[in-house]
Amino acid sequence: MTSSRESHHAPRSVAAHAAAVEELLRPVVDRLSGHPETVPLSAARGRVLAESVTAPLDLPPFDNSQMDGYAARSVDLPGTLRVGATIAAGHSDAALAPEPSPGTAAPIMTGAMLPAWADAVVPVEAAVPSRFLDEGEEISLPAAPAGQFVRTRGSDVALGSGALEAGTVLGPSQIALLAALGVARVSVRPLLRVALLSTGDELVPVGEPLPTGRIHDSNGPMLTAALREAGAGVVQAHTQEDSPQGFRDALARLDGVDLVISTGGVSQGAFEVVKQGLSEGVDFVSVAMQPGGPQALGTVRIAGADVPFLGFPGNPVSSLVSFEMFLRPLLAGTRPRIALRLEGAADKPAGKHQVRRGRLNGDRVTLVGGPGSHLLHALAHSDCLVHLPVGLGHAPDGTEVEVWVL
Ligand SMILES: Nc1nc2c(c(=O)[nH]1)N[C@H]1C(S)=C(S)[C@@H](COP(=O)(O)OP(=O)(O)OC[C@H]3O[C@@H](n4cnc5c(N)ncnc54)[C@H](O)[C@@H]3O)O[C@H]1N2
Ligand code: MOO
């Protein structure tokens, strides 16, 4: 039952496997980058920017007030000043009006254009009296340095400078920046079309009743969400029984797919459907990583074409860690990586790179749950991945570790 393509060599390193996955998928990702499509900003969430965006205007577009208060010349402060015309957000007339005589303070609202004659804003609560007075009345203001509560033109991003880099996944913050810059349509990579096959006789799709001895498919919904978040499109996701022929038939039915990902069926059991179903084109390897040790990669023949294939191990945490380690960096770039000290000690096999689930805890990181790759509750309550490298067997409290923020 063992495939002739199974590796009997020493486990390969994480870096070597990452390089093999990159070699397999780089042409696909590059092909997509070469055929950008334009979408309205309203449809851009989760898409990957195909071309870098240069700021077509300054942000903020004009000097404006950070507070509701009084716009004044800092050289006039402290002092009792004559109240000028009120400047409201969205109305530039009062801000552009001829310069008033020295000793004037104009009521100004948050976001309103700062007149060229003023260089500071005093919040209304600091004025005496602490309210907005009518034009011509007198107000006393405390000292304020030039620039106080002024948001200067271009201080967020300057016209002509880099706003977003190609390859960025567009989330709410990036969409906000593009909207502020007036970019109504964006050039994005076509969606990578992924088919997901969750293998295992034990699997029941979520929403269906659970007979004794069966479990719900969590890998399918998990990887669908992970892929979408990384700017890929999941065109099919279904469960697949442990029948090698059934698995081959499911592959043969696929169409218009750039990448096939399966979960399960790649280790040492008697019913390893992926291993038994794929006789050529796919390598079964052991990576010195925990979880996510058993891995498959290669190509499968679909409609006369060789389509890249990744076989992740079935345990849910193993599957997600495999995605984070090998696929996500190619689709959406690396996660933020920081060095933190471990809260408490941990033990692990020294010969494997262990990826544990953790929670950020100030300048420390706390492990959540044990190393078991079935622990979904712990995974769901973690906000980072903690890397314990090869060579480390016992990690005492306070060990500095690399942490990927999810
Ligand atoms: N004798 C050995 N047994 C195992 C080894 C080994 O080296 N020697 N490796 C273990 C490791 S590590 C992993 S990881 C798993 C990988 O096994 P498979 O990829 O073949 O996956 P399965 O056996 O099909 O399933 C493993 C586990 O995950 C559950 N599972 C599978 N698919 C899903 C899904 N879609 N949703 C939720 N849970 C899923 C499945 O029920 C099993 O409990 O092999 C170890 N064994
Ligand atoms: O390598 Mo398995 O993926 O530990 O759970």
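Here the structure is a predicted model, which is why all the values come from computation and not from measurement. (Residues numbered from 1 in each chain as written. Chains lettered and ligands numbered in written order. Predicted model: local features only at pLDDT ≥ 70, side-chain atom pairs only at ≥ 80, totals over all residues. Heavy atoms only, no water.)

Colleague: Would you explain the overall build of the chain in this entry?
Modeller: Across its full length, the chain carries eight helices and 27 strands. For the chain, the spread of C-alpha atoms along the principal axes amounts to about 95 × 50 × 40 Å. Going through the 406 residues of the chain one by one, you find that 47% of them count as buried. The long-range fraction of contacts in the chain, counting pairs at least 24 apart against all pairs at least 6 apart in sequence, stands at 72%. Of the accessible surface of the chain, which amounts to about 18600 Å², a share of 54% is contributed by carbon and sulfur atoms. (Helix = DSSP H or I, 4+ residues; strand = E, 2+ residues; numbered from the N terminus. Buried < 20%, exposed > 50% of the residue type's maximum accessible area, 1.4 Å probe, protein only. Contact = heavy atoms within 4.5 Å. Areas by Shrake-Rupley, 256 points an atom, 1.4 Å probe, with all protein chains shown as cover.)

Colleague: Quick question: what am I supposed to make of the site of ligand 2 here?
Modeller: Lining the immediate surroundings of ligand 2 are Gln 290, Pro 291, Gly 292, Gly 293, Pro 294, Asn 315, Ser 318 and Ser 373. One of the side-chain nitrogen or oxygen atoms of Ser 373 is found 2.4 Å away from an oxygen atom of ligand 2. Grouping the constituent residues of the shell around ligand 2 by class yields two nonpolar, six polar and no charged. (Near = heavy atom within 4 Å. Polar contact = N/O pair within 3.5 Å; in protein donor to acceptor, adjacent residues only side chain to side chain. Nonpolar A, V, L, I, M, F, W, Y, C, P; charged D, E, K, R; others polar.)

Colleague: Sorry, what's going on with empty space enclosed by the protein here?
Modeller: One water molecule sets the probe size; rolling that probe over the atoms shows where empty space is left. Scanning all chains against the criterion turns up two cavities of 30 Å³ or more. By volume, the largest cavity is sized at about 100 Å³. Along its surface, the largest cavity is lined by Val 29, Leu 32, Val 48, Arg 189, Pro 190, Leu 191, Leu 192, Ala 230, Gly 231, Ala 232 and Leu 331. Looking at the lining of the largest cavity residue by residue, the classes come out as nine nonpolar, one polar and one charged. Estimated volume of the second largest cavity: approximately 30 Å³. Together, Glu 324, Arg 328, Pro 329, Gly 333, Thr 334, Arg 335, Arg 337 and Trp 404 line the second largest cavity. Among the elements that line the lining of the second largest cavity, the one with the most residues is helix H7 (residues 316-332), at three residues. Residues of the lining of the second largest cavity, tallied by class, amount to two nonpolar, two polar and four charged. (1 Å grid on protein atoms, 1.4 Å probe; cavity = no way out; pocket = protein on both sides within 12 Å on 5 of 7 lines; lining within 4 Å. Points joined across faces, edges and corners; volume = space filled by probe spheres on them.)

Colleague: Quick question: what am I supposed to make of the UniProt feature "domain: MoaB/Mog" (unreviewed entry) in the chain here?
Modeller: The sites that UniProt annotates as "domain: MoaB/Mog" (unreviewed entry) are residues 195-333. Between the first and last C-alpha atoms of residues 195-333 the distance is 21 Å; the span itself is 31% helix and 34% strand. (UniProt positions renumbered as here; feature names shortened; annotations may be inferred.)

Colleague: Any chance you could explain the domain arrangement of the chain here in plain terms?
Modeller: Interfaces are often sized by the accessible area lost when the parts come together. Taken domain by domain, the chain consists of domain 1 (5-35 + 190-332), domain 2 (44-57 + 159-188), domain 3 (64-151) and domain 4 (337-405). Between the C-alpha centres of domain 2 and domain 4 there is a distance of 34 Å. (Domains from an automatic or database assignment.)

Colleague: Just to check I follow, could you spell out H7 for this structure?
Modeller: In an α-helix, one turn spans 3.6 residues; hence positions three or four apart end up facing the same way. Given a rise of 1.5 Å per residue, 17 residues ought to cover 24 Å, yet the end C-alpha atoms of H7 are separated by just 21 Å, more than 12% below that figure. At Phe 326, H7 shows its maximal bend, which comes to roughly 45 degrees, and the proline Pro 329 appears one to four places after that position. Counting buried residues in H7 gives 16 out of 17 residues, a clear majority hidden from the surface. (Expected span 1.5 Å × (residues − 1). Bend = angle between axes of the 7 residues up to and from the residue.)

Colleague: Just to check I follow, could you spell out helix H1 (residues 14-33) for this structure?
Modeller: Helix length check: H1 (20 residues) gives 26 Å between terminal C-alpha atoms against 28 Å at 1.5 Å per residue, within 8%. Leu 25 marks the point of greatest bend in H1, at about 45 degrees, and the proline Pro 27 comes within the next four residues.

Colleague: Help me understand the site of ligand 1, please; the structure alone is not making it clear to me.
Modeller: Around ligand 1, 22 residues are found, and the nearest of them are Glu 202, Asp 217, Val 266, Glu 272 and Gly 314. Within the side chain of Asn 219, one N or O atom sits 3.3 Å away from a nitrogen atom of ligand 1. Gly 265 places a main-chain nitrogen or oxygen 3.1 Å from an oxygen atom of ligand 1. Protein contacts shield 64% of the accessible area of ligand 1, which totals 860 Å² for the unbound molecule. Among the secondary structure elements, those contributing two or more residues to the shell around ligand 1 are strand E12 (192-199), strand E14 (215-216) and H7. For the shell around ligand 1, the class distribution of residues is six nonpolar, 13 polar and three charged.

Colleague: Would you explain the layout of surface pockets in this entry?
Modeller: Taken as a whole, the largest pocket spans an internal volume of roughly 350 Å³. Around the largest pocket, the lining is made up of 22 residues, and of these Thr 168, Val 169, Glu 229, Arg 328 and Ala 332 lie nearest the centre. Those elements that provide at least two residues to the lining of the largest pocket are H1, helix H4 (219-229) and H7. Looking at which element gives the most residues to the lining of the largest pocket, the answer is H7, with five residues. Here the residues of the lining of the largest pocket are counted per class, giving nine nonpolar, six polar and seven charged. Both domain 1 (5-35 + 190-332) and domain 2 (44-57 + 159-188) contribute no fewer than three residues apiece to the lining of the largest pocket.

Colleague: Just to check I follow, could you spell out the pairing of strand E27 (residues 400-405) for this structure?
Modeller: On a regular strand, each side chain points to the face opposite its neighbour's, so the side chains alternate between the two faces of the sheet. Two strands pair when backbone bridges link them, and strand E21 (residues 337-343) and E27 are joined in this way by five bridges, in the antiparallel orientation. Looking across to E27, one finds that Arg 341 is bridged to Glu 400. With four bridges joining them, strand E25 (residues 384-388) and E27 adopt antiparallel strand pairing. Bridge pairing in E27 places Cys 384 opposite Val 405. (Pairing = 2+ DSSP bridges.)

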